[in-house]
There are 2 protein chains.
Amino acid sequence: MRQFVLIGHDVPTEPDFSLDDLAGGAGRLDALCRSITAAFVTSHGIREDVRVHLIARDELTITFDGGTLQRLNPDERSTASLVRKALEHREDAIGALPAEPSPGSEVYRRGFEGTLEEIADDGPIVQLHEGGEAVSDVGAETLGDAIFVLSDHRDFTDEEGRLLEAFADQRLRLGPELLHADQAITIAHHYLDTGGYERF
Amino acid sequence: MRQFVLIGHDVPTEPDFSLDDLAGGAGRLDALCRSITAAFVTSHGIREDVRVHLIARDELTITFDGGTLQRLNPDERSTASLVRKALEHREDAIGALPAEPSPGSEVYRRGFEGTLEEIADDGPIVQLHEGGEAVSDVGAETLGDAIFVLSDHRDFTDEEGRLLEAFADQRLRLGPELLHADQAITIAHHYLDTGGYERF
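Conventions adopted
- Along every chain, residues carry numbers that run from 1 in the direction the sequence is written.
- Key to labels: chains lettered from A, ligands numbered from 1, both in the order written.
- Reporting in this predicted model follows two pLDDT cut-offs: at least 70 for local features of residues, and 80 or more for side-chain atom pairs to be given and counted; totals over whole chains, interfaces and linings ignore these cut-offs and use all residues.
- With hydrogens and water set aside, each side-chain value is computed from the structure's full complement of heavy atoms.
- Ring pairs shown here join Phe, Tyr and Trp side chains whose ring centres sit within 6.5 Å, with only the six-membered ring taken for Trp; geometry is labelled stacked below 30 degrees between planes, edge-to-face above 60, and tilted in between.
- Helix and strand assignments come from DSSP, with helices taken as H or I runs of at least 4 residues and strands as E runs of at least 2, each series counted from the N terminus.
- Residue exposure (1.4 Å probe, protein chains only): buried if accessible area is under 20% of the type maximum, exposed if over 50%, otherwise partly exposed.
- Basic side-chain nitrogens of Lys or Arg form a salt bridge, by our definition, when they fall within 4 Å of a carboxyl oxygen of Asp or Glu.
- Least-squares superposition of the copies uses the C-alpha atoms of those residues scoring a pLDDT of at least 70 in each of them.
- Here, residues are in contact when the closest pair of their heavy atoms is within 4.5 Å.
- Within this scheme, the nonpolar core is defined by two criteria: the residues are buried Ala, Val, Leu, Ile, Met, Phe, Trp, Tyr or Cys, and they are joined through side-chain atoms within 4.5 Å.
- When two components associate, each loses some accessible surface as probed by a 1.4 Å sphere; the sum of these losses over both components is called the buried area.
- Pairs of N or O atoms are called polar contacts if they sit within 3.5 Å, as long as, within protein, a hydrogen donor faces a hydrogen acceptor (for residues adjacent in sequence, only side-chain-to-side-chain pairs).

Looking at the packing of aromatic side chains
Aromatic rings considered in pairs are described by the distance between their centres and by the relative angle of their planes. Tallying each qualifying case throughout the model produces seven aromatic pairs over all chains. The interplanar angle of 10° and the centroid separation of 3.8 Å between the aromatic rings of Y197 of chain A and Y197 of chain B together place this pair among those described as stacked. Of this pair, Y197 of chain A sits in the segment after α6 (181–193) while Y197 of chain B sits in the segment after α6 (181–193), each in a different chain. Like Y197 of chain A, the residue Y197 of chain B is buried in the burial classification.

Re the pattern of salt bridges
Residues and elements named next belong to chain A. Using the criterion set out here, one finds 28 salt bridges over all chains in the structure. The residue R47 makes a salt bridge to D193 at a minimum N-O spacing of 2.8 Å. One end of the pair, R47, is in the loop between β3 (45–46) and β4 (50–56); the other, D193, is in helix α6, with 146 residues separating them in the sequence. Taking the relative accessible area as the measure of exposure, R47 reaches 11% and is therefore buried.

A few points about the relation of the copies chain B and chain A
One copy of the chain maps onto the other through a rotation about an axis plus a displacement along that axis. Note on the copies: chain B fits chain A at an RMSD of 0.0 Å, the axial shift is 0.0 Å, and the rotation between them is 180°. Interpreted geometrically, this transformation is the action of a two-fold axis. Taken as a fraction of all interface residues of chain B, those also at the interface in chain A reach 100%, which identifies the copy contact as same-surface.

Section: the nonpolar core
One finds L29 of chain A together with L29 of chain B to be the most contacted residues of the largest nonpolar core, which totals 106 residues. Discounting residues that sit within four places of it in the chain, L29 of chain A has contacts with V11, F17, L22, A80 and V83 of chain A.

Examining the interface of chain B and chain A
Counting residues at the interface gives 35 residues for chain B, matched by 35 residues for chain A. Interface area, chain B with chain A, both sides summed: about 3000 Å², of which 60% is carbon and sulfur. Three residues stand out in chain B for area buried against chain A, namely H180, H190 and F200 of chain B, and they jointly supply 20% of the buried area on that side. At the junction of chain B with chain A, the criterion picks out zero salt bridges. Linking chain B with chain A are 15 residue pairs in polar contact (both at pLDDT 80 or more), by the criterion used here. Of all elements in the fold, only α2 (29–40), β2 (41–42), α3 (76–88) and α6 of chain B reach the threshold of two or more residues within the side of chain B that touches chain A.

Concerning the environment of K85 of chain B
Residues and elements named next belong to chain B. With respect to the helices, strands and loops of the structure, K85 is situated in helix α3. Since its relative accessible area comes to 36%, K85 is described here as partly exposed. Spatially, the C-alpha atoms of K85 and P15 are 7.2 Å apart, while their sequence positions differ by 70 residues. Filtering out sequence-adjacent residues up to four positions away, K85 remains in contact with P101 and S102.

Shown next, in the form of structure tokens:
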């Protein structure tokens, strides 16, 4: 299973935002929605063996599971609608128990550290970073169950950097161009889909 | 220069569509907008050495030029707004002369064939196709000025296929997964940015 942890520094934690102004009024939720869809969608469906954890302001985590996820379309607006629906159910998340607002989505009352602790045993934690090792030097076979951690339009905070130093197994860069998170996710999938640029 | 020709079979040719319903009411303009932004945006700006030609129902061609393009943001809505603005000026395109609705965008009264004829000398025309040769077998150096042709959510029509047989220099596939056009564009850039998976 491939997992992606998306840090949303400014993303809403309440559902009172408009789907008509995602880039302006909803903390750049547009960008995070593009990352969610990039993680899941292919031309003919959903990648079932993928999980995405959207960290909302280090306060809530919305987890989407490709194995059971429904109503995820490729456009930003319908993905934002899934996020909004999850936030509408945030009060149902109690302690370690998640709310389950719709098939394949869960809302947890935990932030970045709690989420890392929860999933750290699933596979190597990989920070995508321009100063990291080239992905092509690593080999796809070690990354089959990788957990990729990406920030939104802001850099990782000092505290997030500290946690990543403690948790991350690798820092990798995907190429010479600095890209948006959704593009990086597409390229990470491409690297793994092709078995490290070997199978086309 | 890298160029991308995007065929929009159902996309509006009039500007009377709502930015609030791109996936439903505007002929899947959402998907084409994602392709336009994937062609241009990186984390820190716009790829200046890129041109995108959006073919609207084989009737109009809207050409965006990264060298002069302004107000292109990564979100679907603002890109759709650029397309709508271009369509508002469609009547100013007369014969072979384009309308110039905003910096870096032009509207031509020509369809797929006319656009292929116009740009065919700029570089090799590449059809992205699941049955094509693996991009990794081709070599990035031959694709520096490539013109990639992609369809939207529909397959190429028979007539488009006939034109591609006449014009296209290569049919390439980018990997084992069938992806959306915007994802394919991101991977095509990745292949060329890394010089054929060589430079990271």
